[in-house]
Amino acid sequence: MKQITDIMEEKALPIIDKIYYDGFIQGLIHADLSEEAVVHYLKADALYLANFSDIYALLLAKSDNKDEKNFFLSQINFVLNEEIAAHKNLADYIGRDYNEIIKGGEWYPSADHYIKHMYYNAYAFGMAETLSGMAPCPWIYAKIAEKILAENKLADDHPLKFWVEFYAGDLAKDCLHWYYKIINRLAEHMSIADRKRLVKNFLESCEHERKFFNMAYTQECWELKE
Ligand SMILES: Cc1ncc(CO)c(N)n1
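Residues numbered from 1 in each chain as written. Predicted model: local features only at pLDDT ≥ 70, side-chain atom pairs only at ≥ 80, totals over all residues. Heavy atoms only, no water.

The protein chain appears in an unreviewed UniProt entry as Aminopyrimidine aminohydrolase from Gemella bergeri ATCC 700627. Within the UniProt record for the protein chain, the comment given under Sequence similarities (unreviewed entry) is "Belongs to the TenA family." If you open the UniProt record of the protein chain and go to Subunit (unreviewed entry), you find "Homotetramer." (UniProt positions renumbered as here; feature names shortened; annotations may be inferred.)

Here is the structure:
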């Protein structure tokens, strides 16, 4: 029988090509992404990831299973301390210092909507709802990175090859294995309406992923200032 997470991935699949052909990923592939787009992305993503790890901490507190708690703990460490390597690759590409760049970042509108979607589910619902909204984070990046590698021969000195290989590795698969185990287990006891919410959360976050890249590509900002 199809698991709910198979349905999520199946329904979301068409967005992978769209993200791949949008400006940000094309700029990344051709190494002509503008400095402004990279700066905007890094400012927003540093905050996105800081909140992502805080949401893991909320899930850790909701879980009553030691293996699951250890999984969340390892993910908090990954997001907080290790994913920075991919960000530094982008900072090196534009020849700027990462910590200087991320000073003064904000939750720009599209990032704001995405981050709040995850928090809303963490506070209003449970672990399955929240993880369904978080899963596109590892899933989309792995899919996009794999597609980049499959369809392009990136030269050894391609300035963003590290970024692509970082996200194309097994890290996302290991992580999604845990997510999906938890989501599918909890979904078994849910009503049809509640299961639909899980799928919707996943699909919405896939759209948020696309908007996040486009936000950086166009340097989307709030219109009114304090
Ligand atoms: C917005 C966003 N989605 C996914 C990832 C991959 O972890 C990231 N760094 N940022």
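So, on to the nonpolar core. If you look at soluble globular proteins, the nonpolar side chains tend to sit buried side by side. Judged by nonpolar contacts, the single largest core of 79 residues is most densely connected at Y41 and Y179. Leave out the neighbours within four places in its chain, and Y179 touches F52, Y56, F71, L131, M134, A135 and P138. (Core = buried A, V, L, I, M, F, W, Y, C linked by side-chain atoms within 4.5 Å. Buried < 20%, exposed > 50% of the residue type's maximum accessible area, 1.4 Å probe, protein only. Contact = heavy atoms within 4.5 Å.)

Per the UniProt record, "domain: Thiaminase-2/PQQC" (unreviewed entry) is found at residues 12-218. With 81% helix and 0% strand, residues 12-218 has its two end C-alpha atoms placed 24 Å apart. (Helix = DSSP H or I, 4+ residues; strand = E, 2+ residues; numbered from the N terminus.)

Attention now moves to the packing of aromatic side chains. Summed over the entire model, instances satisfying the criterion amount to 24 aromatic pairs. Centre to centre, the rings of Y56 and Y179 are 6.4 Å apart; their planes meet at 85°, and the pair counts as edge-to-face. You can see Y56 sitting in helix α4 (residues 35-62) and its partner Y179 sitting in helix α12 (residues 171-187), a full 123 residues away along the chain. There is no split in this pair, since Y56 and Y179 are both buried. Aromatic side chains Y119 and Y123 sit 6.2 Å apart centroid to centroid with 15° between the ring planes, which places their arrangement in the stacked category. Of this pair, Y119 and Y123 are both found in helix α8 (residues 109-124), 4 residues apart, which corresponds to roughly one turn of the helix. Overall, Y123 belongs to the exposed group, its relative accessible area being 61%. (Phe/Tyr/Trp six-rings, centres within 6.5 Å; stacked < 30°, edge-to-face > 60°.)

Another point: helix α1 (residues 4-12). By the burial criterion, the buried members of α1 are I4, T5, M8 and A12. End-on, the buried residues of α1 take up no more than an arc of 100°, which puts them together on one face. (Arc of directions from axis to C-beta.)

Here we come to the pattern of salt bridges. Pairing between side chains becomes possible if they bear opposite charge and their charged atoms approach one another. This model, assessed by the stated rule, comprises 13 salt bridges. A salt bridge links E146 to K173, with the shortest nitrogen-to-oxygen separation between them at 3.2 Å. Of the two residues, E146 is situated in helix α10 (residues 136-151) and K173 in helix α12; the sequence distance between them amounts to 27 residues. Residue classification places K173 among the partly exposed residues on the basis of a relative accessible area of 48%. (Salt bridge = Lys/Arg side-chain N within 4 Å of Asp/Glu carboxyl O.)

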